[in-house]
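Chain by chain, the residues run as shown.
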Amino acid sequence: MENMPATLWIAACAYRLQQQWHSVDLLELEEVARELWRDARLRAMWPDEAAAQWLLPVAASPRAHIRRPDLPSVSAPIPGFSLTGLPSPAGQPVRGP
């Protein structure tokens, strides 16, 4: 929602993403949520709705690398790779869904 502070929206969205990807570092999920927040269409939704919308293609095909031109350039994770392409800030290995 547009009247919700960005930090709260991002935290709530990252929490919803973590429900899908338990093994992904929360800091990386916050970065994904930040990318989703930058999309005005998704930002207008409740954070959990925006995350669910973005997760639709992932839920349909969890192993597929899906690119959605209508959504931010964050793509579905590939097992063994970081969502941001960077190592985990905590130095822990990052796994996909």
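Before reading on, note that the structure itself is shown above.
No experiment lies behind these values; they were computed from the predicted model shown.

### Observations concerning the overall build of the chain
Link 1 in the chain: Along the backbone of the chain there are four helices and zero strands.
Link 2 in the chain: Listing the helices and strands of the chain from first to last along the sequence gives α-α-α-α.
Link 3 in the chain: Across the 97 residues that make up the chain, the buried fraction comes to 36%.
Link 4 in the chain: Expressed as a percentage of contacts within the chain between residues at least 6 apart in sequence, the contacts between residues at least 24 apart total 57%.

### A look at the pattern of salt bridges
Link 1 in the chain: Inspection of every chain in the model, using the stated rule, returns two salt bridges.
Link 2 in the chain: Across the salt bridge formed by R34 and E31, the nearest N and O atoms sit 2.8 Å from each other. With a gap of three residues between them, R34 and E31 both fall in helix α2 (residues 26–37), about one helical turn apart.
Link 3 in the chain: The class of R34 is partly exposed, set by a relative accessible area of 28%.
Link 4 in the chain: Note that R38 and E35 form a salt bridge whose closest N and O atoms lie 2.4 Å from each other.

Rules used throughout
- Residues numbered from 1 in each chain as written.
- Predicted model: local features only at pLDDT ≥ 70, side-chain atom pairs only at ≥ 80, totals over all residues.
- Heavy atoms only, no water.
- Helix = DSSP H or I, 4+ residues; strand = E, 2+ residues; numbered from the N terminus.
- Buried < 20%, exposed > 50% of the residue type's maximum accessible area, 1.4 Å probe, protein only.
- Contact = heavy atoms within 4.5 Å.
- Salt bridge = Lys/Arg side-chain N within 4 Å of Asp/Glu carboxyl O.

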